[in-house]
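# Structural overview
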Amino acid sequence: MKLELGNFYVKEIVFGDETSYSNGILTINKEEALSVVKEDEHITEADLFIVKPGDNVRLVPVKEAIEPRVRVEGGPVFPGVTGDLMQSGNGRTLALKDCSVLVVGKHWGGFQDGLIDMSGEGAKYTYYSQLKNIVLVADTDEEFEKREQQKKNRALRWAGMRLAEYIGSCVKDLEPEELETFELEPITKRPSHENDLPSVVLVLQPQSQMEELGYNDLVYGWDANRMLPTFMHPNEVLDGAIISGSFMPCSSKWSTYDFQNFPMIKRLYEEHGKTLNFLGIIMSNLNVALEQKERAALFVAQMAKSLGADSAIVAEEGYGNPDADFIACIVALEDAGVKTVGLTNECTGRDGASQPLVTLDPKADAIVSCGDVSQLIELPPMETVLGELESLGRDGFAGGWAGDEILGPSVREDGSIIMENNSMFCGDQVVGWSTKTVKEF
Amino acid sequence: MKKAILYINQFFGQIGGEEKADFYPEIREGLVGPAMELQKQLGEDVEVTHTIICGDNYMGSNTEEAIEIILGYLEDKEFDIFFAGPAFRAGRYGSACGHIGQAVKEKFNVPVISSMNEENPGVEMFRKDIYIFKGGASAAAMRKDIKVMAGFGKRLLNGETLLSADEEGYYGRGIRRQMWLEPSVNATDRVIDMLLKKVHGEPFQTELPIPEQDMVPIASPIKDLSKARIAIVNTGGIVPVDNPDRIQSASATRWGKYDISNMDRLESGVFKTIHAGFDPAAANADPNVIVPLDVMEAYEKEGKIGKVHDYFYSTVGTGTTQGEAARMGREMVADLQEANVDGVILVST
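Because the structure is predicted, anything quoted here is derived from the model rather than measured. (Residues numbered from 1 in each chain as written. Chains lettered and ligands numbered in written order. Predicted model: local features only at pLDDT ≥ 70, side-chain atom pairs only at ≥ 80, totals over all residues. Heavy atoms only, no water.)

In this complex, chain A contributes 56 residues to the contact, which on the side of chain B involves 38 residues. Ranking the residues of chain A by area buried against chain B places Thr-435, Glu-440 and Phe-441 of chain A at the top, with a combined share of 21%. For the pair chain A and chain B, the interface holds six salt bridges. Linking Glu-334 of chain A and Lys-198 of chain B is a salt bridge whose minimum nitrogen-to-oxygen distance equals 2.5 Å. Here chain A and chain B share 35 residue pairs in polar contact (both at pLDDT 80 or more) between them. For the side of chain A that touches chain B, the elements supplying multiple residues, two or more each, are helix 6 (263-271), strand 19 (311-316), strand 20 (339-346), strand 21 (367-372) and strand 25 (436-440) of chain A. At six residues, the largest contribution of residues to the side of chain A that touches chain B is made by strand 21 of chain A. Counted by class, the side of chain A that touches chain B contains 25 nonpolar, 15 polar and 16 charged residues. Inspection of the sheet shows strand 25 of chain A paired to strand 7 (residues 176-180) of chain B by five bridges, in the antiparallel sense. Considered in strand 7 of chain B, the bridge of Thr-437 of chain A is made with Met-179 of chain B. (Contact = heavy atoms within 4.5 Å. Buried area = accessible area lost by both parts, 1.4 Å probe. Salt bridge = Lys/Arg side-chain N within 4 Å of Asp/Glu carboxyl O. Polar contact = N/O pair within 3.5 Å; in protein donor to acceptor, adjacent residues only side chain to side chain. Helix = DSSP H or I, 4+ residues; strand = E, 2+ residues; numbered from the N terminus. Nonpolar A, V, L, I, M, F, W, Y, C, P; charged D, E, K, R; others polar. Pairing = 2+ DSSP bridges.)

Structure follows, in structure tokens:
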């Protein structure tokens, strides 16, 4: 399988007459873009904004981030989601780099939504403050979940994907500025200089905790709750086979942009043929029932063993209940003789003294920790808020609250905020960007 | 000008050795013994205003009273930071520094800094409560240990960014917090580095150390339960209402045993729970939900078990360190074995 990602590096985004890309300038016809957003009649209000690093802007409630892309040979960027099913990970896909489409609720947020500050102290808590962003701020008529803490955010998330495809399509006929090639020989057909290296599988545990459909990550449009661990080519993940869900406390979430750019996958590609033999991805999940966790761990260990993996990296999209899957999977792999490294974040509580993962096992002796969801963050007001600041305290954010007897409300009258890292948009960057760790004090 | 107060024992307070270990707590204005070195290391911005001296045995045998006296001395003093020790490997001294440090921190909410050798039992007892720096084995390390304590104290008072326990050199307090790596290294590089080391059998350092698990094998079954003497032990804090052993409601270091030889059940109003980790309403209304004496007495009458032991044993599990729990467990076991108890029902909450 050979994937070519053709990159265009966006230096500036502006609104203009024609949606187009030229010399680093991405121009967007706002009206046309909004008409794409409004193709779904459930979108009741929509507007577009452009923000860049350093802007005095706070975004909340942020629901999703997507990289604008287009398939040169045609077909949906997200097979089985925004169009028919097709194999992803083959051929050429073009991407607008250093920018993302951010989807923000005009009013209503929830447990799974997050916050982004484009400048100041808050900017360091999320990857997306470094990007130029096209911000869709919209509302929907999904009355059934307006006041629900857990929201599927379906209309908004799909609007974001349509918008990303629409914007991405403007480079369809252009020659990319850079071409990244991702290619792995079939496992049994690899040359000896690859085969002789220690082999590694990447085990991903995307979010699948909700029994009800509509909240979990989708794999080729299929709800991750309804699947058993399966073997995937890394290119499929990099090329739109997975979209993010709408469930997990936001700092633990992997956005669709995160999946499209998965740094751990790209890093393994760099090592492939040099220090490691990258076999591929075992796509697992994070279902809540113990039996489902055990079954998934059995499948993962068996697959790793059958593939002849000497080593594995396990990464979980979540914390709390999913820690049980994370540890069970590591233990199963170690028991199968596969040397395993875990990649996760922690929840140590307001005082930092709680057990960092809900289950622990001495066999999980190699863990890279990307952050602590419970860290308190206090931030000054920002000049502009896109979305609705009140949502952070009002709507049951994982890291926000209406009132606290010691800390007061998350959102203060002057626009300053206090929150848990939990609600920083994809803040813990377990996909691999994180430069944070957790240490004992 | 910031102010500091130092706690030391009778020996370093120049009162005397073992024969003066019962020395009643005293507070003196100015610098005594190690306080002089502490002042020197703290420099001009921090003044050590008082030195507290207390005999190690006095603190050991009359802990609550000693703490109360010293807290009384401190009530009208202004101070921004409190030092205790260094205590090196001296067990009683270390424990005294910990006891008073913990109390001062709780009452006055000032940072407390001590120093002890890793073999000092005070480390495990109090590392979660105060900053205990990794110190030398004997007084030969006095200057070095004080320098470290003072250096950290100054940085703390200046509001400087503090590093992790390992980097600063104190025993971790069990508090885990996120931080940005300097220089920055992203997670993918850390994973690859760790993975390659692990795969090649080289030493590597996890970022999330799993606490050592002290697994105890399950005991072999009692052969004839109808002849066995069974005791009830609980960590749910069931005690006579006046809590005669003053078992703490959390982070317990004490346990008690209570005579039930003349009872068929534990009555509400006679027993209660002092456990601070759950809603006590149900246990206070019926203490048998935690110490099931009523059921055990019934089993005894039915002949299912030989005899309910004359005492039940109690402590509190919430926040209690593994080290303290293990010590209390060993002490209880010794007592149970002496009374020829064959089996124990251990009730947790």
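Bringing the sheet that holds strand 17 (residues 242-243) of chain A into the picture now. Residue and element names in this part refer to chain A. Here three strands make up an open sheet; going across it, the order is 15-14-17 and the pairing antiparallel. With partners counted over all chains shown, the strands left at the sheet margins are strand 15 (222-223) and strand 17, one partner each. The pairing of strand 14 (residues 218-219) with strand 17 spans two bridges and is classified as antiparallel. Its bridge partner being in strand 17, Val-219 is matched across the sheet by Ile-242.

Residue and element names in this part refer to chain A. On the surface, a cluster of negative charge is made up of Asp-17, Glu-18, Glu-31 and Glu-32. Structurally, Glu-31 can be placed in helix 1 (residues 30-37). Of the residues examined, Glu-31 reaches a relative accessible area of 67% and is grouped as exposed. (Patch = residues over 30% accessible without salt bridge, like charges linked within 9 Å, V, L, I, M, F, W, Y side chains within 5 Å. Areas by Shrake-Rupley, 256 points an atom, 1.4 Å probe, with all protein chains shown as cover. Lys, Arg positive; Asp, Glu negative; His and termini not counted. Charge placed at Lys NZ, Arg CZ, Asp CG, Glu CD. Buried < 20%, exposed > 50% of the residue type's maximum accessible area, 1.4 Å probe, protein only.)

Within this structure, the stated rule accounts for 55 salt bridges over all chains. Ionic pairing is found between Glu-67 of chain A and Arg-69 of chain A, a salt bridge with its closest N-O pair at 2.9 Å. Taking relative accessible area as the criterion, Arg-69 of chain A reaches 1% and is therefore assigned buried. Notably, a salt bridge pairs Asp-335 of chain B with Lys-257 of chain B, separated by 2.9 Å at the nearest N-O pair. Placement of the pair is Asp-335 of chain B in helix 11 (residues 322-338) and Lys-257 of chain B in strand 10 (residues 256-259), with a sequence separation of 78 residues. Salt bridges sharing common partners tie together Arg-267, Glu-270 and Glu-271 of chain A together with Asp-189 of chain B.

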